Every structure is written in structure tokens, then in C-alpha cells.
Amino acid sequence: MKTEVVPPSGREASGASPTGQDRATGLVRLMPALLPAVLVVLALVLQHFVFWRGSPAVTKGLGPDAWPDLILNGLALFSAVWLGLELWVLGRAGRRSALRAPDDDEIYRFGKAVAGIALIVLYGILLPLTGFALTTAVFIAVWCVYGGVRKPLVVLPVSLIGTWVLLWVFMGISLMPLSRGRGVFDQFSIWLLKTLGIY
Amino acid sequence: MSSLELLAGGFHAAFQFTAFATIVIGLLVGVVAGALPGISFVNAMAMALPFTYVMEPTQSMLFLGGIYVGGVFGGSISAIIINVPGTPASLPATWDGYPMTRRGEVKRALMIAVTASATGGLVSALVLAFLSAPFASFALKFSQPEFFAATVLGLVSVIAIAKDQPIITVVSLLAGIAVGTVGVDPLYGQARFSFGIPQMESGIRFVVVMIGLFAIGEVVDLIATNRDLRPKHSEGKGARPRLSDIFKVKGAILRGTGLGCMIGMIPGAGATPGAVIAYGVEKQVSKRKAEFGTGVEEGLAAPEAAKNATTGAAMVPLLTLGIPGSAATAIMLAAMMLHGVNPGPLLFIMDPSMVYTIFAAMIIANVLMIGAGIGVAQIFSTLMRTPPAILAAFIIVLSVIGAFGVRNNIFDVYVCLAFGVLGWGMKRIGFPSAPMVLGVILGPLAERYFLTSLANSHQDWTVFFTRPISGTILFLALLFVAWSMWAPITSMLSRLRYRAG
């Protein structure tokens, strides 16, 4: 999915009322100020959540919250300066926001990127449930298909041989206790590792 | 016996077949581990530790020394070729090395990097061999305020890497330091920002953050932009490496080497501040400072030389004082202690042959690194010919394994993935991630040194300025900030003057 390039004057294209469009454009223009504003709030709010079970009593010297408070205050201050700069920029036509996104927006497929992120997160979530061996083999195969490699004669060997090599290096040689999964997946992983001679 | 005679004896021992083979294997393991995104050479050294049980003490040090030397350079291979630093110290290699790759000059970039690294490492190994004792006596004067000052110098150096957005760079750095405060504090043992999650109490490791921010976002972009990774050797102007390329950057290599040797000897500093400071200094002294970040050779050579120059230098406090100067040398200390060897001044008297064999091995490893680096880089270039989807799949799996391997904990994988999503978002809006990573690495060190300094001096904060070495380093840090900010401030003032007039 390619990103749609919104024309600079989208009023005619959208057919929205001039007032509504102005409001929308105004909100979009405020976007660069959103991140510093969120950071200011976050830095100030987080100072109240340093300790989960109540703050310890410190009678002498700096307490364990001194350094985080110092850093968060600094973060709030510099974020506020950044916010001020962004708002100043907003008031002046023709000036750019301090953040500059990569110049590949024209060819960047956001839909594909989001799907990729979702796949990676799903891989991380499934790892402790279905075990490293099975999850990794399936993940590599699915990722290859998602990335445009669709020949079964490429995808299957890459997935299976790749997983076998990874299992040997990390569970066989380095003795890393990678997840075997839970329940039936645990039994499957044990069988697989015994079959491969790793256990 | 003189140092030279002892070193000759060390070379004789290191050139024995078993010892030499151990150095070569260690070097290759280090370069490969360093080059693999997510598997840092420190991880590789930690994983190699059990293998050293079956070795002689000297042999185990040669093996770990080989991994150390190879690994510090290896991280730059992936940084230059795929913009994913294998180690934190290789971060600057992405700033000017990767743009060279994008121009089709991957071979030139790799040759400059490996030559600079080998030169830095070799000089550092010679420093280790001949200047151990005097430098050790200087490092002995360092206490917590000096360590804090050195860490501050490393932190402020990020302002030098901020192209024209110093405020946002500082915000990113502070956000990173804030992430580094998660977990138990160094003085009271009190858990902070745990939000009731037990795993959060043990903190967020920088390796996990680094893998997430760099590797995950990079591979997603790889697929989303349909980028062609195949090396374009013939496309770039002057893509083929020439010997004259090295002569052009000799000043940068020498400056980086000098800085690396000095910074490496400061316990706790290590390769990352060394490389970042060298990059910042090089940017300031270079005639092409405005072009830094676009593939400037000096910007690649200086930090490469500096980071490998820290390897031998970091072993000075380890061998002479028993103080490890970095995570890598801490593992070497662990290996020595496992074999009943106690490093310190007495080691030079009790077992000089072992000490000088290690020195000789470091020299040999740095010479061999040129071949090993180019060899592994060739394999990497071949890897780049594989479809990006296959490459990306393995980078993700290795990144997840790398995050898991830090503490053998699935929670670190979740943290890594969370930072991966964050890193991708940051990349899309142009928010810099490198300062954040530096903040996560150096923040906890700065906090520990800051609090212990104050505790030791009865909460007298002037201790940082009244102690000569600490005060000098902090003054240098201030000068560094002023020097870095001079150009942006004068440019802004001239713009305002132009508008007013």
C-alpha cells in the first residue's frame, strides 16, 4: 500500500466546508508539536511513579529518586523548549518543523511496514507458547512470503535449514535455554531436539 | 629482563601452533559475532567463557583476546553494509560508513574501516606492551568523580553528532538516560519505574534497547521500501579501494588512535565513548565538517581507529590493577579468576611470560584482523546478494535470540520488540535514536559515579570541580559543548541579523 500524497490545497478535492477543512488543516499543522507536548507531560507525570510501593525514607543525602527526577526535569525542560520552537515555527509561514522525516515517503509502503511490525510482535508473543523451533520455522517462512519470496523450493529449505542451524548453534553449542513452548509444543520441541541430536 | 626481551618471549609463545590457532579462531569468532546484528562480541565472549574451562590460563586469554579484538571491529561490518551496528561502539560507522555503501562504495568503506581499526588496535597493543606501568599509575589516581567526569564527556559528545537539531538530540539523550534509570538504584537497592512488574526491577539492558531500536526498524524499512541491498561496486564514483584513500585519512586515523588509547585506559569508558568522542572531535577539526553524516571518509576512519585503540588500552587497568575497563575486560577478568590467576602489579612479577604472551597475542590479532575482517566482509557482501526478505527474517530471529541471550529471559525479548516499534516510529518521523542509545548505555554509569562521588564526599557537589583531573575533564566537556555549538549559534545569529537588517 502506497502512501497517498495529499495535495497542498485539498479543499476542492475533499469537498468539505471551508471552516471544517481549515480546522482539519490546523490540527494537521499541530502534529509536529504533539510529540514534544506529550514528552513534557510524560516527563512531569512519570516523576510521580518512580516507586511502585511508596518512596523510601532517606534521611541523609540524595535519595534513589534524585537522579531520575533530575533527568525527567531536564527532559521536560528541553521538550518544552522544543515545543516552543515548534509553535514558533507554526506561526511563521514557509518554515519547517524541527523533525525531518526520511525522504523515501513517496515509495514507502506504510501498510506493509505495519504488517511487518505485527508479524514481528506476533513472533515474540508466540515464542514462549509454541517454542523456538516451531515458531522460528513458521516465522521465517511467513516472513519470506510477506517479503516477496514465494517459491516453495526457496522458502521451505531456507526456513527448515535455517532453523536447524540456529538450533544447533544456540541450543546445541552455546547451550542457550531457548523456549521449548508449553504443553504439547514442549513435548514436540523435546522430540525434535532429540531427533536432531541436540539433546 | 627488559620489556623488549619479554615481548620477544611472548611472540615465541604466541606463535606456537596451539596458541596461534587459538588467536585465529578467537578472532574469527569475534569478527563474525560482532558483525551479526544482535549478537555482540561481549555476548560471544560470555558464551565462550565455558569453553575456556578446558584451556590453559594463557590460552584462554588468547582466545578471549582474539574475540575482543575481532568483535570490536566486526560490529562495523554490519554497520557499514546494512546500517545496523553490531556493537554500540560501531554506531558512528553507520553515520558515514553506511552513506558510502549507499553510494556504491562499500569496498572502500570497509577497507578504510579495517585499516583504521587495525592501526588503532596495533598502536594500542604496543602501548599496552610498553607503557602499561606508567599509564597504570595515572589511572590509579582516578576515583568516582573522575569516572563521572569522563562519562559526562561521553554524554556531551552527542551534541557534536547532532547535525542541526541540538535540542531534539538532547531530548533523545535525556529520554535514553531516563530509560536507563529503570530498575534498582545503585546506592539504596530500591526498584524504580517497575510498575509492579517483577522483571522491570532488574532494569532495562542497553543491548536489548539497541537491538530493538536499530535492528527491527531497519528490517521493516528494508521490506517497506523494497530496498535493493546488492553492492553496487561499479556504480559509485571511485568505488574501488585505493591505497591513497588510506593516506588521505591518516590524520583522522592518528587522532582517533590517540584519543582511543587515552579513553580506553579510563576504566568504565570503553570503546563506545572513545568512538563517539573521536567522531565529534574529527567533525570539529575536519575541513568537511558540514558534509559529516553523508559519507565522509574521515568520519568513518577516526571512530574506527579510536574504538579498536581502546582494546589494548582497556587491558592496561585490567592487567596492572585488576580493574576491568569494560564489559569485555570484565569477562576476561572472570576467566583469569576462574583459572586462579589474580591480575594486578604482582602478575608482572609472578608470571611475566603470561602477561607478555597476551601482549604479543594482541599485536598478532590486530595484524591478522585485516585479513579476517576483509574475509568476513566478503561473506557479508555475498549475504547481501540474497533477497532482502530472507536476510531480514534472519536478522529478526538473531535479534530476538540476542535480546533473549542477555539474561535468558523472554521479558527482554518483549522489551526489545517494544523498542523496535518505537525505533521504527522514531525513524519515520526523523527523531534521532543514536543519542537515546548512548543515554541508555552511559546514563546508569553516570548515575552510579555521581551518587557515589557525593556519598563519599559528604554530599559536597564541588568535589567534581575541585579535584584536578575531574575538573579538567569537566572543563574539557564544557569546551567541547561550546566548540560544537559555536557554528549553529553563529549561523542562527547571522540569520537573525539578516532578518533584522
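Residues numbered from 1 in each chain as written. Chains lettered and ligands numbered in written order. Predicted model: local features only at pLDDT ≥ 70, side-chain atom pairs only at ≥ 80, totals over all residues. Heavy atoms only, no water.

For chain B, the name recorded in an unreviewed UniProt entry is DUF112 domain-containing protein, with Seohaeicola zhoushanensis as its organism.

### Details of the overall build of chain B
The condition is simple: Note on conventions: DSSP H or I runs of at least 4 residues are helices, E runs of at least 2 residues are strands, and numbering of each starts at the N terminus. Think of it in three bands: with a 1.4 Å probe and only protein chains considered, a residue is buried below 20% of the maximum accessible area for its type, exposed above 50%, and partly exposed in between. Any two residues whose heavy atoms approach within 4.5 Å are treated as being in contact. For every accessible area listed, the method is Shrake-Rupley and the probe measures 1.4 Å; residues are considered covered only by the protein chains on display.
A tally of regular secondary structure across chain B gives 21 helices and two strands. Across the 501 residues that make up chain B, the buried fraction comes to 63%. Across chain B, contacts joining residues at least 24 apart in sequence account for 78% of those joining residues at least 6 apart. Total accessible area computed for chain B in this model is approximately 18200 Å², and 68% of it derives from carbon and sulfur atoms.

### So, the overall build of chain A
A count of helical and extended segments in chain A gives seven helices and zero strands. Moving toward the C terminus, one meets the helices and strands of chain A in the order α-α-α-α-α-α-α. Residues counted as buried form 34% of the 199 residues belonging to chain A. Summing over all exposed atoms, chain A offers an accessible surface of approximately 11900 Å²; the carbon and sulfur share of this is 69%.

### Overview of the packing of helix α5 (residues 132-146) of chain A against helix α6 (residues 152-173) of chain A
Residue and element names in this part refer to chain A. Here is the rule we go by: A fitted line through C-alpha atoms serves as each axis, taken over the contacting stretch for helices, and the angle formed by two N-to-C directions is quoted from 0 to 180°. Here a crossing is called left-handed whenever its near helix is offset anticlockwise from the far helix by less than a right angle, and right-handed whenever the offset is clockwise. Under the scheme applied, nonpolar residues are Ala, Val, Leu, Ile, Met, Phe, Trp, Tyr, Cys and Pro; charged residues are Asp, Glu, Lys and Arg; polar residues are all the others, including Gly.
Remark: α5 packs on α6, axes separated minimally by 9 Å, with the N-to-C direction vectors making an angle of 145 degrees. The interaxial crossing formed by α5 with α6 has right-handed handedness. Residues F132, A133, T136, A137, I140, A141, C144 and V145 of α5 form the contact with α6, whose own contacting residues are V155, V158, S159, T163, L166 and L167. Of the residues in the contact of α5 with α6, the class split is eleven nonpolar, three polar and no charged.

### Topic: unusual backbone geometry
Residues and elements named next belong to chain B. We note that F195 has phi near 50 degrees; this positive angle belongs to a residue other than glycine. Within the secondary structure, F195 is located in the loop between β2 (191-192) and α9 (206-224). The class of F195 is partly exposed, set by a relative accessible area of 33%. A positive phi angle, near 60 degrees, is found at Q459, a position not held by glycine. Within the secondary structure, Q459 is located in the loop between α19 (434-456) and α20 (463-466).

### Digging into the environment of S353 of chain B
Looking at the secondary structure, you find S353 of chain B in helix α16 (residues 352-383). Sequence separation between S353 of chain B and T58 of chain B is 295 residues; the distance between their C-alpha atoms is 9.2 Å.

### Re the packing of helix α8 (residues 166-180) of chain B against α19 of chain B
Two numbers describe a pair of packed helices, the interaxial angle and the distance between the axes. Residue and element names in this part refer to chain B. Condition: Geometric relationships in this document are graded by angle, where less than 35 degrees denotes roughly parallel, more than 145 denotes roughly antiparallel, 65 to 115 denotes roughly perpendicular, and other angles denote oblique.
In contact at an axis separation of 7 Å, α8 and α19 are set at 40 degrees when each is read in the N-to-C sense. Taken together, the axis directions place α8 and α19 in an arrangement best described as oblique. Relative to α19, α8 is oriented so that their crossing is right-handed. Every residue of α19 that contacts α8 at T169, S172, L173, A175, G176, I177, V179 and G180 is listed here: P435, M436, L438, G439, V440, G443 and P444. Of the residues assigned to the contact of α8 with α19, the class counts are nine nonpolar, six polar and no charged.

### Topic: the packing of aromatic side chains
We count it as follows: The pairing test for Phe, Tyr and Trp rings, Trp by its six-membered ring, is centres within 6.5 Å, and the orientation test on the planes gives stacked under 30 degrees, edge-to-face over 60, and tilted for anything in between. Charge-over-ring contacts are defined here by two conditions on Lys NZ or Arg CZ: a distance within 6 Å of the ring centre and an angle within 35 degrees of the ring normal.
The tally for this structure, following the rule as stated, stands at 20 aromatic pairs over all chains. Through pairs of rings, three or more aromatic residues link up here, namely W67 of chain A together with F148, F450 and F464 of chain B. The ring of Y146 of chain A has K112 of chain A lying over it, and the distance from NZ or CZ to the ring centre is 5.5 Å. Seen from the ring of Y108 of chain A, R428 of chain B lies directly overhead, with NZ or CZ sitting 3.4 Å from the centre.

### Digging into the interface of chain B and chain A
Often, the extent of an interface is quoted as the loss of accessible area upon association of its parts. What counts, and what does not: By definition here, a salt bridge exists when the distance from a side-chain nitrogen of Lys or Arg to a carboxyl oxygen of Asp or Glu is within 4 Å. Polar contacts, as used here, are pairs of N or O atoms within 3.5 Å; protein pairs need one atom able to donate a hydrogen and one able to accept it. Residues neighboring in sequence count only if both atoms are side-chain atoms.
On the side of chain A, 71 residues touch chain B, which itself brings 66 residues to the contact. On the surface where chain B and chain A come into contact, there are zero salt bridges. Along the contact surface separating chain B from chain A lie eight residue pairs in polar contact (both at pLDDT 80 or more). Mapped by element, the contributors of at least two residues to the side of chain B that touches chain A are α8, β2, α9, α17 (388-407), α18 (410-429) and α19 of chain B.

### Considerations on the nonpolar core
Quick note on the threshold: Residue types Ala, Val, Leu, Ile, Met, Phe, Trp, Tyr and Cys, when buried and joined through side-chain atoms within 4.5 Å, form a set referred to as a nonpolar core. For each domain, the first and last residues come from an automatic or database assignment.
Among the nonpolar cores identified, the biggest contains 211 residues, and I120, F132, F139 and W143 of chain A together with M45, Y68 and I77 of chain B are the most heavily contacted of them. For this core, the element with the most residues is α16 of chain B, which contributes 15 residues. When residues are assigned to domains, this core turns out to be shared by domain 1 (11-90) and domain 2 (110-195) of chain A, each giving three or more. When near neighbours in sequence (up to four residues on either side) are disregarded, F132 of chain A contacts Y123, L127, L166, L167, L178 and S179 of chain A together with V397 and I401 of chain B.

### Things to note about helix α4 (residues 110-130) of chain A
In an α-helix, one full turn covers 3.6 residues, which means residues spaced three or four apart are oriented alike. The following threshold applies: Expected helix span is given by 1.5 Å per residue-to-residue step, counting one fewer step than there are residues. The bend at a residue is defined as the angle formed between two axes, one fitted to the seven residues ending at that residue and one fitted to the seven starting there.
The end-to-end C-alpha distance of α4 of chain A is 29 Å, a good match for the 30 Å that 21 residues give at a rise of 1.5 Å each. Of all the bends in α4 of chain A, the largest measures some 25 degrees and sits at G124 of chain A, one to four residues before the proline P128 of chain A. Of all the residues in α4 of chain A, the buried ones are K112, A113, G116, I117, L119, I120, Y123, G124, L127, P128 and T130 of chain A. Tucked into the core, α4 of chain A has its buried residues touching α5 and α7 (184-195) of chain A together with α9, α17 and α18 of chain B. Phi turns positive, to about 90 degrees, at G131 of chain A, one or two residues after α4 of chain A.

### Considering the side chain of E447 of chain B
Mapped onto the fold, E447 of chain B is located in helix α19. Residue E447 of chain B is classed as buried on the basis of its relative accessible area of 2%.

### Observations regarding the environment of V84 of chain B
Along the chain, the position of V84 of chain B falls in the loop between α4 (57-82) and α5 (91-102). Look at V84 of chain B and you get buried, because its relative accessible area is 3%.

### Things to note about the pattern of salt bridges
Residues and elements named next belong to chain B. Applying the stated rule across the entire model yields 14 salt bridges over all chains. Put simply, R192 and E447 hold a salt bridge, and the shortest N to O gap is 2.6 Å. Of this pair, R192 sits in strand β2 while E447 is found in helix α19, placing the two residues 255 residues apart along the sequence. Like R192, the residue E447 is buried in the burial classification. Linked by salt bridges that have partners in common, R103, E105, R108, R288, E291, E297 and E298 make up one network.

### Here's the deal with a nonpolar patch on the surface
Let me state the cut-off plainly: Residues forming no salt bridge and having over 30% relative accessible area are the ones grouped into patches, like charges within 9 Å of each other and nonpolar side chains (Val, Leu, Ile, Met, Phe, Trp, Tyr) within 5 Å.
A surface patch of nonpolar side chains, about 620 Å² in accessible area, is lined by I161, W164, V165, W168, V169 and I173 of chain A together with F51 of chain B. Given a relative accessible area of 48%, I173 of chain A falls into the partly exposed group.

### Looking at the side chain of T452 of chain B
Residue and element names in this part refer to chain B. Looking at where T452 falls in the secondary structure, it is placed in helix α19. Classification of T452 by relative accessible area gives buried; the value is 19%. Reaching out from T452, the side chain makes a polar contact with the backbone oxygen of Y449 at a distance of 3.4 Å. Excluding residues within four positions of it along the chain, T452 makes contact with Q144 and L187.

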